[in-house]
Amino acid sequence: MKLRGLYAITDSKLLADGRLLPYVEAALRGGARLLQYRDKSSDESRRLREAEALRELCERHGATLIINDDAELAARLGVSVHLGQTDGSLAAARALLGRQAIIGATCHGNLQLADQAVAEGADYVAFGRFFQSLTKPGASEASPELLEQARARFANVPLVAIGGVSLDNAPELIGRGADLLAVINALFAADTPAEVERRARAFAALF
Ligand SMILES: Cc1ncc(COP(=O)(O)OP(=O)(O)O)c(N)n1
Ligand SMILES: Cc1nc(C(=O)O)sc1CCOP(=O)(O)O
Ligand SMILES: [Mg+2]
């Protein structure tokens with residue numbers, strides 16, 4: 001499967017009060033190819049329930065579900081995982097999830113971390129944050145030039161750009177080599193599902 005396009009990421013505050021499923025479905029209708037379930041809580045039964053519901057939505061829309069941080073939950077559901085630098089080993093996740101799973105890795109603004117992740121079998125490498133992020137203002141920074149360096153270094157590894165990605169700055173990131181744009185606030189901080197779908201279509205049309 002070609003990893004390219006809009007990569008929507010959920011947010012438990014923006015998608016509280018019954019918004020999770022309608023807003024995610026709107027993003028998928030609008031063309032999001034990947035969906036990451038990112039929930040930092042420790043409420044395991046809610047996480048399982050929500051992730052199962054998202055898996056059903058993703059199956060229906062031909063999108064890929066990726067669980068943030070938690071390779072065991074991904075294994076339980078038979079889906080994919082995104083791991084940060086302190087979220088466990090990529091090799092252990094591969095052993096748990098098998099060859100067909102997509103395993104993504106956070107590389108901040110550091111090409112050496114990306115070298116390591118690729119050597120350990122990551123299916124994509126994620127760089128960020130490129131711009132001010134309302135969701136994660138303290139995330140370490142990456143420069144847009146880094147994407148060009150990563151593009152030159154990794155001809156066949158999909159590159160994800162994350163952190164403050166908006167419809168205004170997305171064209172620059174794609175122009176510098178991003179294959180996937182990972183977006184939370186600029187997609188889901190919306191008043192209605194219809195607005196989420198409109199934004200998702202606008203992101204998807206950039207590819
Ligand atoms: C696509 C993508 N890229 C980066 C991250 C950040 O992962 P991490 O550094 O582990 O931080 P948390 O998201 O877990 O707070 C991501 N989740 N997705
Ligand atoms: C979860 C996350 N990780 C980042 C990183 O740089 O690794 S930035 C980020 C938040 C992305 O949300 P928004 O699109 O609202 O900025
Ligand atoms: Mg993490």
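Everything below is about the structure shown above.
Residues numbered from 1 in each chain as written. Chains lettered and ligands numbered in written order. Predicted model: local features only at pLDDT ≥ 70, side-chain atom pairs only at ≥ 80, totals over all residues. Heavy atoms only, no water.

**Q** Let's hear about the coordination of the magnesium ion (ligand 3): which residues, and what values?
**A** Protein coordination of the magnesium ion (ligand 3) is provided by Asp69 (OD) and Asp87 (OD), with donor distances spanning 2.0 to 2.2 Å. With Asp69 in the loop between strand 3 (64-68) and helix 3 (71-77) and Asp87 in the loop between strand 4 (80-83) and helix 4 (90-97), this pair connects stretches of sequence that are 18 residues apart. (Donors = N, O, S within 2.8 Å, 3.2 Å for Na, K, Ca; no water. Helix = DSSP H or I, 4+ residues; strand = E, 2+ residues; numbered from the N terminus.)

**Q** Can you explain the nonpolar core? Please cite residues and give values.
**A** The biggest cluster of nonpolar side chains holds 63 residues, and the ones touching the most others in it are Val24, Ile67, Phe127, Leu181, Leu187 and Phe188. In terms of residue count, the dominant contributor to this core is helix 1 (residues 20-29) (six residues). Apart from the residues lying within four places of it in its own chain, the contact partners of Phe188 are Ala8, Ile9, Thr10, Leu14, Leu15, Tyr23, Val24, Ala27 and Val196. By size, the runner-up hydrophobic cluster in this structure holds twelve residues, among which are Tyr7, Leu34, Tyr124 and Ala126. (Core = buried A, V, L, I, M, F, W, Y, C linked by side-chain atoms within 4.5 Å. Buried < 20%, exposed > 50% of the residue type's maximum accessible area, 1.4 Å probe, protein only. Contact = heavy atoms within 4.5 Å.)

**Q** Please set out the pattern of salt bridges residue by residue, giving values where relevant.
**A** A complete count under the given rule lists 19 salt bridges for this structure. With a closest N to O distance of 3.0 Å, Glu25 and Arg60 form a salt bridge. One end of the pair, Glu25, is in helix 1; the other, Arg60, is in helix 2 (residues 44-61), and 35 residues separate them in sequence. With a relative accessible area of 18%, Glu25 lands in the buried category. Between Asp115 and Arg153 there is a salt bridge, and its shortest N-O distance comes to 2.5 Å. With Asp115 in helix 5 (residues 111-119) and Arg153 in helix 6 (residues 144-153), this pair connects stretches of sequence that are 38 residues apart. On the basis of relative accessibility, which here comes to 41%, the residue Arg153 falls in the partly exposed class. (Salt bridge = Lys/Arg side-chain N within 4 Å of Asp/Glu carboxyl O.)

**Q** How would you summarise the packing of helix 5 against helix 6 if you had to cite specific residues and measurements?
**A** How two helices pack is summed up by the angle between their axes together with the distance between the axes. The geometry of helix 5 relative to helix 6 is characterised by a closest axis approach of 11 Å and an angle of 35° between their N-to-C directions. The two elements helix 5 and helix 6 meet at a crossing, and its hand is right-handed. Here helix 5 contributes Leu111, Gln112 and Asp115 to the contact with helix 6, which in turn contributes Leu146, Gln149, Ala150 and Arg153. Partitioned by chemical class, the residues of the contact of helix 5 with helix 6 number three nonpolar, two polar and two charged. (Axes fitted to C-alpha atoms, helices over the stretch in contact; angles between N-to-C directions. Left-handed = near helix turned anticlockwise from the far one by under 90°. Nonpolar A, V, L, I, M, F, W, Y, C, P; charged D, E, K, R; others polar.)

So far we have only geometry, and geometry alone does not tell us how the molecule works.
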